[in-house]
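Residue-level structure breakdown
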Amino acid sequence: MELLKGKLIADSVKKRIKEKIEEKVSSGLRAPHLAAILVGEDGASLTYVGNKEKACSQVGIKSTVLRFPDTITEDSLIEEIKKLNGNPEIDGFIVQMPLPPHIDEQKIIDAIDPCKDVDGFNPVNLGNMVIGRPTFLPATPFGIMTLLKEYNIETSGKNCVIIGRSNIVGKPLSIMLSAKSYPGDCTVTLCHSHTGNVGLYTKNADIVVAALGVPHFLKADMVKDGAVVIDVGITRIPGEGGSYKLAGDVDFENVAPKCSFISPVPGGVGPMTIVSLLENTYKAAYGENI
Ligand code: GUN
């Protein structure tokens with residue numbers, strides 16, 4: 001069993017981004033600038049946005065966080081997005097999800113200029129991704145693809161089962177892994193809450209991606225020997241004194257011994273998501289991939 005060390009790969013990608021930005025800046029261009037809109041006080045969102053800011057500063061990307069109370073109206077939020085769309089100082093921005101229930105998340109995503117949509121959530125970018133055009137790829141699936149590539153994992157003709165059909169992870173990843181490319185050329189099955197017996201599918205899978213947000217859902221008897229297992233889950237389990245532990249969607253202790261490769265939580269997919277956002281921001285600023 002080999003660990004898919006997302007933290008390690010992310011650090012090496014960050015080093016490359018930092019060097020490339022230094023080159024650009026010394027040639028007279030300005031540093032990329034990423035903005036993040038954060039609504040309310042959700043603990044996980046505060047942590048994610050904080051981690052994104054920290055990663056930006058590590059590679060020389062300027063970052064700005066715009067915070068609003070969770071009472072902000074949908075119309076006011078759309079106005080803020082329009083300001084960012086028209087601000088030439090901002091290369092790309094994200095609206096941290098989830099948003100309060102009175103705000104229609106899709107309406108917000110629709111308002112983001114596709115050229116600045118470094119999350120790759122706007123339907124224009126998702127559509128381009130579906131037909132295989134260059135675009136901003138959603139950060140978590142993009143990070144998973146990079147992880148597979150960096151570890152030279154064979155994907156062509158493999159049975160891949162993804163558990164979870166979110167617009168952010170499961171759905172876009174199912175498209176990417178079934179695309180005619182590397183990583184890709186998989187036969188993809190997308191399981192979800194209405195799949196009767198998920199184990200029936202995962203037991204035959206060469207690659208399993210668990211992205212449903214249920215701690216320790218994937219058990220050892222659901223995985224075949226030699227499988228590649230990717231854990232996207234990051235549920236916060238409250239501990240003592242306000243502390244918390246992160247739990248993945250995979251019963252790591254029992255599943256890991258059966259795997260050829262497995263990603264840990266933390267230190268697997270999480271750091272890859274953040275570094276993919278940095279890659280998208282670089283692309284938004286300079287119009288080229290790193
Ligand atoms: N919430 C959970 N994941 C993400 C993400 O990748 N981007 C944004 N904007 N919000 C999220």
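We now turn to the structure provided with this report.

Rules used throughout
Residues numbered from 1 in each chain as written. Predicted model: local features only at pLDDT ≥ 70, side-chain atom pairs only at ≥ 80, totals over all residues. Heavy atoms only, no water. Pairing = 2+ DSSP bridges. Helix = DSSP H or I, 4+ residues; strand = E, 2+ residues; numbered from the N terminus. Axes fitted to C-alpha atoms, helices over the stretch in contact; angles between N-to-C directions. Contact = heavy atoms within 4.5 Å. Expected span 1.5 Å × (residues − 1). Buried < 20%, exposed > 50% of the residue type's maximum accessible area, 1.4 Å probe, protein only. Phe/Tyr/Trp six-rings, centres within 6.5 Å; stacked < 30°, edge-to-face > 60°. Lys NZ or Arg CZ within 6 Å of the ring centre and 35° of its normal.

Thoughts on the sheet that holds strand E3 (residues 62–68)
Taken together, 3 strands build an open sheet; the order of strands is E3-E2-E4 and the sheet is parallel. Two strands close off the open sheet at either side, each with one partner strand: E3 and strand E4 (92–95). For this sheet, the mean inter-axis angle between neighbouring strands, taken without regard to orientation, is 15 degrees. Those strands touched by helix H3 (residues 74–86) are strand E2 (33–39), E3 and E4, and its axis lies near 175 degrees from that of E2.

Observations concerning the sheet that holds strand E8 (residues 227–231)
Judged by pairing direction, the sheet is parallel, and its 6 strands sit side by side in the order E1-E11-E8-E7-E5-E6 without closing on themselves. Edge strands, defined here as strands with exactly one partner in the open sheet, are strand E1 (2–3) and strand E6 (187–191). Sheet contacts for helix H7 (residues 170–178): strand E5 (159–163), E6 and strand E7 (207–210); angle to E6, the most-contacted strand, approximately 170 degrees.

Brief notes about helix H6 (residues 139–150)
A rise of 1.5 Å per residue sets the reference length of H6, with its 12 residues, at 16 Å; its end C-alpha atoms lie 16 Å apart and thus fit the reference within 8%. Burial analysis of H6 places 10 of its 12 residues in the buried class, which makes it a mostly covered element. Every buried residue belonging to H6 is among Ala139, Thr140, Pro141, Phe142, Gly143, Ile144, Met145, Thr146, Leu147 and Leu148, and all of these are buried. Buried-residue contacts for H6 involve helix H1 (6–26), H7, E7, E8 and helix H10 (269–286). Immediately downstream of H6, the backbone of Asn152 shows phi near 50 degrees, a positive value.

Some points on the packing of aromatic side chains
Using the criterion set out here, one finds 2 aromatic pairs in the structure. Judged by centre distance (4.9 Å) and plane angle (70 degrees), the rings of Tyr282 and Tyr286 are edge-to-face. One end of the pair, Tyr282, and the other, Tyr286, are both in helix H10, 4 residues apart, so they sit about a helical turn from each other. Assigned by exposure class, Tyr282 and Tyr286 land together as buried. When the ring centre of Tyr286 is taken as origin, the NZ or CZ atom of Lys24, which lies over that ring, is 5.3 Å away. Positioned above the aromatic ring of Tyr244, the side-chain terminus of Arg236 is 3.9 Å from the ring centre.

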